[in-house]
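# Analysis of the macromolecular model
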Amino acid sequence: MILDGKCPTGPIEQTWDKYRFDLKLVNPANKRKYNIIVVGTGLAGAAAAASLGELGYNVQAFCYQDSPRRAHSIAAQGGINAAKNYPNDGDSIYRLFYDTIKGGDYRAREADVWRLAQVSNNIIDQCVAQGVPFARDYAGYLDNRSFGGAQVSRTFFARGQTGQQLLLGAYSALSRQIHLGSVKMYNRREMLDLVVVDGVARGITVRNLVSGEMESYAADAVCLCTGGYVNVFYLSTNAMGCSVTAIWKAAKKGAFFANPCYTQIHPTCIPQAGDYQSKLTLMSESLRNDGRCWVPKKQNETRPAGQIPEEDRDYYLERKYPSYGNLAPRDIASRAAKEQCDDKRGVGPGGRGVYLDFADSINRLSEDTIRERYGNLFEMYEKITADNGYKTPMRIYPAPHYSMGGLWVDYNLMSNVPGLFVLGEANFSVHGANRLGASALMQGLADGYFVIPSTIAGYLATIKPGAVKADHAEFKKSAADTNAELNKLLNINGKRTVTDFTRELGTLMWNNCGMARNEEGLKEALKKIPAIREEFWQNVKVTGTGAEFNQQLENAGRTADFLEFAELMCRDSLHRNESCGGHFRTEHQTSDGEAMRDDVNYCYSAAWEFKGVDKEPELHKEPLKFEHVHLAVRSYK
Amino acid sequence: MSDHKTMTLKLIVWRQKNANDPGKFETYTAKNITDHHSFLEMLDCVNEDLILEGREPIVFDHDCREGICGTCSQVINGLPHGGSERTTVCQLHMRLFKDGDTIYIEPWRARAFPILKDLVCDRSALDKIIQAGGYTSCHTGGVSDGNAILIPKPVADDSMDAAECIGCGACVAGCPNGAAMLFTSAKVSQLALLPQGKGEAKARVLAMTNTMTDCGFGNCSNHYECQAACPKGIDVKFIARMNREFINAQI
Amino acid sequence: MHFFSSSIGKKIVMAVTGVSMAMFACIHLIGNSTIFGWLNGGVNAYAHHLHALPLPIIIGFRSVLGLLLAIHVWYGIKLTLENSSGRPQQYAVKATKKTTFSSENMIWTGVILLAFLIYHLLHFTLQTISPETAALKNLVFVNGIDMPDVFSMMSAAFKNVAMLAIYGLGMVALFLHLAHGIQSFFQTMGWNNGKTLCIITKVSTLVALGLLFGYMSIPMLLFANILK
Ligand SMILES: Cc1cc2nc3c(=O)[nH]c(=O)nc-3n(C[C@H](O)[C@H](O)[C@H](O)COP(=O)(O)OP(=O)(O)OC[C@H]3O[C@@H](n4cnc5c(N)ncnc54)[C@H](O)[C@@H]3O)c2cc1C
Ligand code: HEM
Ligand code: HEM
Ligand code: SF4
Ligand code: F3S
Ligand code: FES
């Protein structure tokens, strides 16, 4: 099937405004008759729930944490982009649009990206009105910093905690609606199934993580805002609870999964210390504004950083990408770091690390200025490594960070399953094959505050509210099936722990489907994954019962889903026989190691239809048209 | 990693099946811990062993493991988050302990935070306080340009100092009175400092402090233990500020 | 919620009543220090002036003090009960970083103070503890007028070690109570920012110390027969 993204055509500048005007509206008096489920309270979910509640819809919001404020958006450090052009350095909506398309290596829809760039400015205004204390100058004007993949200063930030402040802003708006009664919040609930009746999304099945009970919730539309899936690599910068579960369950109920192979490896993370390690910690990319990446010129260098003279240092990013230097986009910076380490010039234990050096900036600007800008990051680095980043250069290494892929959605953010909307990192929309820094926060809030409130009306206006109730047979079946699966897990009582399997899968994915991929490795992974899955269902040990607070059971469920999803991810990587953005196929690179796209054969989004575990998924293509930005080799030299 | 000596520790951990169970302490040994383990990774290791022995692993709240989500919540040897400067449990590293140490691990204890299981407690009372008024009543859309109202750096910074609160509840756990003054004052101050929040300042401080009492938090007697326990170093000057806002709201 | 039942409202009541009493304590100390003779006629003259005040003023003054004390005590007990139920179950390991002995024992130092006050009023105001030296009965004739012999009453009283101990205990309680109390007052009233707090805390301790030494100097000197 050829998929239709329902993108408006005509002059790009008018697409969104015109489209919005043409959309159907729901009469104010009728709004409260519609129930909307929002799963997830990150930037996307909290913004959506708050905005929809404010419009008068009946919203039910869910999150697995004990409070909506803890969604992983909270961890975003660096900042959020907007085309305000306050610094007057030549920014514009069009440039943000252009940079994002190019940054995504020409694998995203123009119309969606344009809309994102257009509403980016409203986001900043909205957050300021909520009381987000963005960094400001002494006169009181909003401050900006530059970020990877852009030559203009368009990133707004709140110290090193931008995501936290934006999320708390959205959370406060959400809290206000909860107080007003338009949103009902359900904490410590994990969505374990999407309920589809006659092909239409009608609700969800969730597990109450405290009591263990299965609960059914019906609604006229379901919005999944459940974040990314890079925990498939086990070690990532995501929170421990981040999983593919919500969107994978939806995929198993018919929603197409698009571009799963597009995952982002973040260049600046703290290297792994040991195999007991449970997660990797990101050091905001903004550090690359003032830090210089280098490795020793000599292989297997043994001297400590301080004793390596200038001439023996290789500032590889500045060497390879003179115009962008240390601000080269993430996929490029990450691969460059990997190259150096593969070339035995990595530093620190196991040689998996490169230096991020602030000496020059400290001399130029003083230690206090650096502390003022990144104080909390240096603090975090010291807590974890016991090294002082002001004195000795930091050691960093790339780590899985973000998933560009996700459920396929059209211009309305609705998946191919009517009534199922997908927002934020969970969908595949705007970032193409690679996301630029500071644009995920932008997307989450754009989707939640400004897109879904308009587009969901277009759908709701066409349906009769409350058609299906939670006592419908499909809900009972869904709850029963889910319970059955959990009981199965509890009854295996094997010899290996859940984490053991998650780690095994993660390591395999990192080695064979990580920063660099090739046919051989992917084929090997496609053989091994089913085997691991097989053993998992024979030999995993899950303690406790289903009728209680049981973290082992939660993890087991998430791992079970990763074990199915990982296969799709490798299959997509194998099928996409080109290199683009975060998807780097070693078979397709230029002599100097740059990615080589194949626009003739792969200029489309790949949306996979689930056909059953151990069955080949079916591929549906959505061709990408570039009418405004012309397909070009993405160069940052 | 191999290049690190390992240590063995004695853990005395609070175990409680559910909200109604009285709960009790149990003793465990943590083996082969390096000083690069984080405190939670140390507990992970203990749990892996427990699971393989077919025993119930220790249940504790955690998510981001980088000190920002505010989920982790353990009282270690009597101090919330283990008591090292501006550090959450998830950021606490084992290099602070030495071989043979005995470590007491307990959940947050406060009337307003009923224990759900082992080290996990219910902090929804903090959400209720925010719901009572921890926001500016702006609508989505239809707001003025971000630079329309200037906010000089010192004000923005002061507000940010308060806004850094991660809602972990350590202030409550540390306060001998189980008071939520530091948490509440952080939000009250962040918004009261900004022009966008001033309008509702009076109503906000009254609503939030009343909810504080309704949720069963104690009153403040200026012990300042909360600041010592706060992983973000939120200053008790914000409590003073909230008291000021409260007095202004009376007149 | 009503001011007097609100969490911060109750605090403010404590603070205001407490500090007013603390102020009285200061004035009272100055009054007592007349015993060193800076006022012609010494403490007896001082007492005489006090008693010479028009009755309504005396009554008014005492009832205000009594009221302050009553309110302060009532709220103090109320708050303490509420606060101790704020954390029903204590930690197995008791560890604190900032709480002080005096901040933790406000109620006990307070109760001691209350007991001291009652005793003290019976002793020196109603003068029923040792009637034989009651100043109001044994008058002395100084520069042409009869005055209550407060001096003899006090010196007689403080020849007694037990009495010295009772007052010593009371004054130590006062010290501990105010060492926390005074700075606590500024914080409660919101007259604090990041910088002032530690200064105010120091000053508050100094004032409390001043009261301790100031007050105790008199009984000690009388006991040691230095003051005659
Ligand atoms: C360390 C780090 C730093 C980052 N820094 C930046 C940055 O500087 N700039 C930038 O633009 N982007 C950054 N990003 C990316 C950005 O933060 C995320 O992409 C974005 O916040 C995702 O928001 P979201 O709302 O889509 O999902 P999330 O914020 O992840 O929210 C997911 C929500 O879904 C809920 N949920 C998930 N599964 C279930 C389930 N099964 N049942 C019920 N609820 C469920 C969770 O409880 C949570 O509430 C960073 C990401 C990381 C990890
Ligand atoms: C060593 C310490 C003290 C000494 C020697 C002392 C001495 C006296 C004396 C001599 C009187 C009688 C004055 C008169 O009625 O002629 C008096 C009255 C009184 N004292 Fe003290 N006092 C001491 C401490 C305190 C303290 C700490 C307080 C409480 C803060 C206090 C509260 C009072 C009060 C309320 C009265 C009654 C005042 C009145 O008559 O209305 N005293 N004291
Ligand atoms: C003359 C004697 C007294 C003086 C001068 C005094 C003074 C003070 C002051 C200044 C405070 C600080 C208020 C604040 O927290 O901001 C205080 C607090 C307190 N006082 Fe007193 N007090 C006196 C007597 C008492 C008595 C008799 C009691 C109790 C029976 C008492 C109990 C308390 C308590 C419990 C607090 C702490 C209140 C809180 O939690 O904030 N005090 N006192
Ligand atoms: S004030 Fe500090 S301790 Fe209290 S909730 Fe906020 S961050 Fe945690
Ligand atoms: S410790 Fe408790 S008493 Fe007040 S100053 Fe902090 S809330
Ligand atoms: S786990 Fe997020 S702060 Fe500790």
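## Quick notes on the overall build of chain C
Helices and strands together make up the secondary structure of chain C, namely eight helices and two strands. Starting at the N terminus, the α and β elements of chain C follow one another as α-α-α-α-α-β-β-α-α-α. Here the C-alpha coordinates of chain C stretch approximately 65 × 40 × 35 Å along the principal axes. Counting over 228 residues, chain C shows a buried share of 45%. Sequence separation of at least 24 residues holds for 70% of the intrachain contacts in chain C that already meet a minimum separation of 6. Element-wise, carbon and sulfur atoms account for 77% of the exposed surface of chain C, whose accessible area totals about 11,800 Å².

## Side note on the site of ligand 5
Around ligand 5 sit Cys 175, Asn 177, Ala 179, Met 181, Cys 220, Ser 221, Asn 222, His 223, Tyr 224, Glu 225, Cys 226 and Ile 239 of chain B, and that is every residue in its neighbourhood. Per-class residue counts for the shell around ligand 5 are seven nonpolar, four polar and one charged.

## Topic: the site of ligand 1
Residue and element names in this part refer to chain A. Near ligand 1 lie 36 residues; those nearest to it are Gln 65, Ser 73, Met 191, Glu 425 and Leu 441. A distance of 3.2 Å separates an oxygen atom of ligand 1 from a polar backbone atom of Tyr 64. Contact with the protein chains covers 97% of the free accessible surface of ligand 1, which is 1,000 Å². Elements that contribute at least two residues to the shell around ligand 1 include exactly α3 (43-55), β6 (189-197), β15 (394-403) and α12 (440-460). With three residues, β6 is the largest single contributor of residues to the shell around ligand 1. Here the residues of the shell around ligand 1 sort into 16 nonpolar, 16 polar and four charged.

## Re the coordination of the iron atom of ligand 3
Residues and elements named next belong to chain C. In the first shell of the iron atom of ligand 3, the protein supplies His 72 (NE2) and His 177 (NE2), at 2.0 Å from the metal. What the six donor atoms of the iron atom of ligand 3 show is an angle range of 85 to 179° at the metal, which sorts the shape as octahedral. Remark: His 177 occurs in helix α7 (residues 161-189) and His 72 occurs in helix α3 (residues 55-84); sequence separation between them is 105 residues. Like His 177, His 72 is buried.

## Quick look at the packing of helix α1 (residues 7-32) of chain C against α7 of chain C
All names here are of chain C. Contact pair α1 / α7: the axes reach a minimum separation of 9 Å and the direction vectors enclose 130°. Overall, the two elements α1 and α7 adopt an arrangement that is oblique. The interaxial crossing formed by α1 with α7 has left-handed handedness. Residue-level contacts link Lys 11, Ile 12, Ala 15, Val 16, Val 19 and Ala 22 of α1 to Leu 178, Ser 184, Phe 185, Thr 188 and Met 189 of α7. Residues of the contact of α1 with α7, tallied by class, amount to eight nonpolar, two polar and one charged.

## Focus: the pairing of strand β7 (residues 200-208) of chain A
Residue and element names in this part refer to chain A. The element β7 is largely enclosed, with a buried count of nine among its nine residues. The pairing of β6 with β7 spans eight bridges and is classified as antiparallel. Within the sheet, the bridge partner assigned to Val 196 lies in β7 and is Ala 201. The antiparallel hairpin formed by β6 and β7 contains two residues in its connecting segment, where Asp 198 sits at a positive phi of about 50°.

## Quick look at the side chain of Thr 162 of chain A
All names here are of chain A. Along the chain, Thr 162 falls in helix α6 (residues 162-180). A relative accessible area of 1% means that Thr 162 is categorised as buried. Reaching out from Thr 162, the side chain makes a polar contact with the backbone nitrogen of Ala 158 at a distance of 3.3 Å. The contacts of Thr 162, once residues within four sequence positions are left out, are Ala 76, Gln 77, Gly 78, Gly 79, Ile 80, Phe 156, Phe 157 and Leu 441.

## Some remarks on a nonpolar patch on the surface
All names here are of chain C. There is a patch of nonpolar side chains on the surface, built from Ile 118, Leu 122, Leu 126 and Ile 129 and spanning about 340 Å² of accessible area. Residue placement: Leu 126 occurs in the loop between α5 (106-125) and β1 (139-142). Using a relative accessible area of 57% as the deciding quantity, one classes Leu 126 as exposed.

## Some points on unusual backbone geometry
Although it is not a glycine, Ser 366 of chain A adopts a positive phi angle of roughly 85°. You can see Ser 366 of chain A is positioned in the loop between α10 (359-365) and α11 (367-385). Ser 366 of chain A gets classed as partly exposed once you look at its relative accessible area, which sits at 31%. Not every positive phi belongs to a glycine, and Tyr 224 of chain B is a case in point at roughly 65°. Mapped onto the elements of the fold, Tyr 224 of chain B is located in the loop between α7 (201-214) and α8 (225-229). Look at Tyr 224 of chain B and you get buried, because its relative accessible area is 12%.

## A few points about the interface of chain B and chain C
At the interface, 48 residues of chain B touch 39 residues of chain C. Taken over both partners, the interface formed by chain B and chain C buries close to 3,600 Å², and the fraction arising from carbon and sulfur atoms is 54%. Among the residues of chain B in contact with chain C, Arg 109, Asn 219 and Tyr 224 of chain B are the three that bury the most area, contributing 17% of the side total. Applying the counting criterion to the chain B and chain C interface returns zero salt bridges.

## Describing the coordination of the iron atom of ligand 2
All names here are of chain C. Ligation of the iron atom of ligand 2 by protein atoms is provided by His 28 (NE2) and His 120 (NE2), these donors lying 1.9 to 2.1 Å from the ion. Between the six donor atoms coordinating the iron atom of ligand 2, the angles at the centre fall across 84 to 178°, so the site counts as octahedral. With a gap of 92 residues between them, His 28 in helix α1 and His 120 in helix α5 connect regions that are remote in the sequence.

## Quick word on the side chain of Thr 41 of chain A
Residue and element names in this part refer to chain A. With respect to the secondary-structure elements, Thr 41 resides in the loop between β1 (35-39) and α3. Taking the relative accessible area as the measure of exposure, Thr 41 reaches 3% and is therefore buried. Only 3.1 Å separates the side chain of Thr 41 from the backbone oxygen of Pro 68, close enough to count as a polar contact. Filtering out sequence-adjacent residues up to four positions away, Thr 41 remains in contact with Ala 46, Ala 61, Phe 62, Cys 63, Pro 68, Ala 71, Leu 167, Leu 174 and Met 185.

## Description of the packing of aromatic side chains
To describe a pair of aromatic rings, one takes the distance between the centres and the angle between the planes. The final tally for this structure, using the stated rule, is 42 aromatic pairs over all chains. Considering the side-chain rings of Phe 24 of chain C and Phe 61 of chain C, the 5.8 Å spacing of their centres and the 50° angle between planes classify their relative orientation as tilted. With Phe 24 of chain C in helix α1 and Phe 61 of chain C in helix α3, the pair connects residues that are 37 residues apart, well separated along the chain. These aromatic residues form a ring-pair network of at least three members: Tyr 229, Trp 248, Phe 257, Phe 565 and Phe 610 of chain A. A cation over a ring is seen here: Arg 496 of chain A above Phe 501 of chain A, with NZ or CZ 4.0 Å from the ring centre.

## Quick look at helix α3 (residues 153-163) of chain B
All of the buried residues in α3 of chain B are Lys 153, Ala 156, Ser 159, Met 160, Ala 162 and Ala 163 of chain B. Taken together, the buried residues of α3 of chain B touch α6 and α11 of chain A together with α5 (181-193) and α9 (237-250) of chain B.

## Remarks on the pattern of salt bridges
A side chain with one charge may pair with a side chain of the opposite charge, provided their charged atoms come close. All names here are of chain A. Per the counting criterion, the structure on display carries 83 salt bridges over all chains. Arg 558 is the partner of Glu 554 in a salt bridge, and the nearest nitrogen-oxygen pair spans 3.5 Å. Taken together, the residues Glu 554 and Arg 558, both in helix α16 (residues 551-575) and four residues apart, mark about one turn of the helix. Accessibility expressed as a relative area gives 10% for Glu 554, which makes it buried. Several salt bridges share partner residues, and in doing so they unite Asp 105, Arg 107, Arg 576, Glu 578, Arg 597 and Asp 599 into one network.

## Details of the environment of Leu 563 of chain A
Checked against the element boundaries, Leu 563 of chain A lands in helix α16. Beyond its immediate chain neighbours, meaning those up to four positions away, Leu 563 of chain A contacts Leu 505, Ile 529, Ile 532, Arg 533 and Phe 536 of chain A.

## A few points about the sheet that holds strand β21 (residues 618-623) of chain A
All names here are of chain A. Strands sit in the order β16-β10-β20-β21 across an open sheet of four strands; the sheet is antiparallel. The open sheet terminates on both sides in strands that have one partner only, identified here as β16 (406-407) and β21. As defined by bridge partners, strand β10 (residues 257-258) adjoins strand β20 (residues 604-609) across two bridges and the pair is classed as antiparallel. Bridge pairing in β20 places Phe 257 opposite Trp 608. Where α16 meets the sheet, it contacts β10, β20 and β21, and its direction lies at approximately 145° from that of β20.

## A short note on the interface of chain B and chain A
Of the residues lining the interface, 78 residues belong to chain B; the matching set on chain A comes to 79 residues. Across the interface of chain B and chain A, roughly 6,500 Å² is buried in total on both sides, 51% from carbon and sulfur atoms. When the area that chain B buries against chain A is broken down by residue, the three leading residues are Asp 63, Glu 66 and Lys 153 of chain B, summing to 10%. For the pair chain B and chain A, the number of links is nine salt bridges. The salt bridge involving Arg 188 of chain A is made with Asp 61 of chain B; its shortest N-O contact spans 2.7 Å. Linking chain B with chain A are 53 residue pairs in polar contact (both at pLDDT 80 or more), by the criterion used here. Within the residue set of the side of chain B that touches chain A, elements represented by two or more residues are α1 (39-52), β6 (115-117), β7 (120-121), α2 (124-131), α3 and α5 of chain B. In terms of residue count, α3 of chain B provides more of the side of chain B that touches chain A than any other element does, eight residues in total.

Scoring rules and cut-offs
- Residues numbered from 1 in each chain as written.
- Chains lettered and ligands numbered in written order.
- Predicted model: local features only at pLDDT ≥ 70, side-chain atom pairs only at ≥ 80, totals over all residues.
- Heavy atoms only, no water.
- Helix = DSSP H or I, 4+ residues; strand = E, 2+ residues; numbered from the N terminus.
- Buried < 20%, exposed > 50% of the residue type's maximum accessible area, 1.4 Å probe, protein only.
- Contact = heavy atoms within 4.5 Å.
- Areas by Shrake-Rupley, 256 points an atom, 1.4 Å probe, with all protein chains shown as cover.
- Near = heavy atom within 4 Å.
- Nonpolar A, V, L, I, M, F, W, Y, C, P; charged D, E, K, R; others polar.
- Polar contact = N/O pair within 3.5 Å; in protein donor to acceptor, adjacent residues only side chain to side chain.
- Donors = N, O, S within 2.8 Å, 3.2 Å for Na, K, Ca; no water.
- Tetrahedral: all angles 85-135°; square planar, octahedral: opposite > 155°, others 65-115°.
- Axes fitted to C-alpha atoms, helices over the stretch in contact; angles between N-to-C directions.
- Parallel < 35°, antiparallel > 145°, perpendicular 65-115°, else oblique.
- Left-handed = near helix turned anticlockwise from the far one by under 90°.
- Pairing = 2+ DSSP bridges.
- Patch = residues over 30% accessible without salt bridge, like charges linked within 9 Å, V, L, I, M, F, W, Y side chains within 5 Å.
- Salt bridge = Lys/Arg side-chain N within 4 Å of Asp/Glu carboxyl O.
- Buried area = accessible area lost by both parts, 1.4 Å probe.
- Phe/Tyr/Trp six-rings, centres within 6.5 Å; stacked < 30°, edge-to-face > 60°.
- Lys NZ or Arg CZ within 6 Å of the ring centre and 35° of its normal.

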